[in-house]
Amino acid sequence: MQNILVTGGCGFIGTNFIYYMLSNAGFNGRIINVDKLTYAGNPDNLVAAEKKYVKRYIFEKVDICDTRAMADIFDRYAVDAICNFAAESHVDRSIIEPDAFIKTNIEGTFRLLELARGTKHQLKLFHHVSTDEVYGSLGMNGYFTEHTPYRPNSPYSASKASSDHLVRAYFKTYGLPVTISNCSNNYGPYQFPEKMIPLMILNALEGKPLPVYGDGRNVRDWLFVTDHCQAIWKIMQAGKRGEMYNIGGQCEMANIDLVGRICDLLDDMVPGAAASPRRNLITFVEDRPGHDKRYAIDFSKLTDELGWMPQETFESGIRKTIEWYLDHQAWVDQIKNGAHYQRWMKQQYGENQKPLE
Ligand code: NAD
Ligand code: DAU
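Here is what the cut-offs are and how they apply
- Residues numbered from 1 in each chain as written.
- Chains lettered and ligands numbered in written order.
- Predicted model: local features only at pLDDT ≥ 70, side-chain atom pairs only at ≥ 80, totals over all residues.
- Heavy atoms only, no water.
- Near = heavy atom within 4 Å.
- Polar contact = N/O pair within 3.5 Å; in protein donor to acceptor, adjacent residues only side chain to side chain.
- Areas by Shrake-Rupley, 256 points an atom, 1.4 Å probe, with all protein chains shown as cover.
- Helix = DSSP H or I, 4+ residues; strand = E, 2+ residues; numbered from the N terminus.
- Domains from an automatic or database assignment.
- Contact = heavy atoms within 4.5 Å.
- Buried area = accessible area lost by both parts, 1.4 Å probe.

1. Brief notes about the site of ligand 1
Part 1: Looking at ligand 1, there are 28 residues lining it, with Ile13, Asp35, Ser89, Tyr156 and Lys160 nearest.
Part 2: Interatomic distance of 2.7 Å between a side-chain N/O atom of Ser89 and an oxygen atom of ligand 1.
Part 3: One nitrogen or oxygen atom from the side chain of Lys160 is found 2.6 Å from an oxygen atom belonging to ligand 1.
Part 4: Computed on the free molecule, ligand 1 has an accessible area of 830 Å², of which 96% lies beneath the protein chains in the complex.
Part 5: Elements with a minimum of two residues in the shell around ligand 1: helix 1 (12–23), strand 5 (125–131), helix 6 (155–174) and strand 7 (185–187).

Rendered as structure tokens:
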């Protein structure tokens, strides 16, 4: 793999993946980053990569659904592997406006697969980045394995499930070399502050309410983003073609406990806030429709076959994450001052987003 097409590289995980590949992964080839730059894509994330890796990093602002532009990119850069991150990724948005999820996540993946099977250059791999949400919801016991039937519950997870099926079908039908990874909840630098962890960090720093859905007892399994990137690269190099691999953090937590821990850590790292202790900011709000109760991942296949284990503990990962948001105020302000973000916050959380007395 010398010319890897990364789609959605200006988003949260894609950005982390590109930095990992250019600096720490032992990869010497080129990364071609294709991103449409939706509200979630930020080209500034990769300015440092553009400067430091002039010959090894290329950015193209293109929609993966645009077959003509994508065919040109395949040819111009002799793409020989694909890592497909590009997606609409936020469950709450998929509940309100599912159209873009169907378009990018399903049709976009389909268009890429069609190009991949028709390319003149020998394609070595189509890696598809997917989610544990395709499996639906667990009760208080058990784990998702690679054999758990798909039972997606939101338009987001249904669109991802659909794209996974297409990728698998292209392996079975056309022999396209594919791998799929299904990962649990990520957190870390560059995550858009509509998602739980960065939203709670930023609201808590500003003394705003911390909106916890329902009773806060829903459970997620948290993984630091760099661990996800390492797992993807391991699968790309040595994963069995045609197979899927679960990735998880061994870090299950109820939402209310997660938010409490973020509050305590912020009280420690940034003391002296008006609203102190920050746990006082926790506000229970209306639940997410169809809210999956619990995700938990059995990733023993990835450990047994490829020797992957998460390296970061939650304690070290969440501290690094908070430090990153504290150190990147300009990045935060650019998003928060944007009309798009302000509209979203108002629509999702109402007028109740002012600092508490
Ligand atoms: P993100 O929303 O932060 O980034 C998505 C990126 O895709 C953005 O840069 C956006 O501009 C780009 N994009 C969207 N539509 C596009 C299109 N039509 N053409 C080209 N680019 C387009 O998402 P993320 O959290 O980084 O997630 C990346 C991938 O990982 C997604 O496929 C998601 O389903 C999957 N995933 C995410 C998590 C998580 O916890 N965030 C966990 C498991 C799997
Ligand atoms: O499991 C992997 C998935 O994790 C990825 O496929 C998705 O792209 C990613 O967005 C994430 O989905 P979730 O819905 O689990 O993540 P989110 O950060 O939106 O929410 C995490 C939990 O926190 C969930 O139970 C809902 C809850 N929540 C979320 C928000 C935004 C709240 O209680 N309040 C909130 O304001």
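2. Quick word on the domain arrangement of the protein
Part 1: With domains assigned, the protein is organised as domain 1 (3–187 + 222–247) and domain 2 (196–219 + 252–286 + 313–349).
Part 2: Each of domain 1 and domain 2 was reduced to a C-alpha centroid, and the two centroids are 27 Å apart.
Part 3: If you look at the interface, domain 1 gives 13 residues, while domain 2 gives 19 residues.
Part 4: Note on domain 1 versus domain 2: buried area summed over both sides is about 1,300 Å², and carbon and sulfur give 59% of it.
Part 5: Taken as a group, Arg93, Tyr187 and Trp222 account for 46% of the area that domain 1 buries against domain 2, more than any other trio of residues on that side.

3. Digging into the site of ligand 2
Part 1: By nearness alone, 25 residues border ligand 2, and Asp132, Tyr156, Arg288, His291 and Tyr349 come closest of all.
Part 2: A distance of 2.8 Å separates an oxygen atom of ligand 2 from a polar backbone atom of Met196.
Part 3: The contact in question runs from an oxygen atom of ligand 2 to an N or O atom on the backbone of Tyr213, over 2.8 Å.
Part 4: Protein burial of ligand 2: of its 700 Å² of free accessible surface, 95% is covered by the chains.

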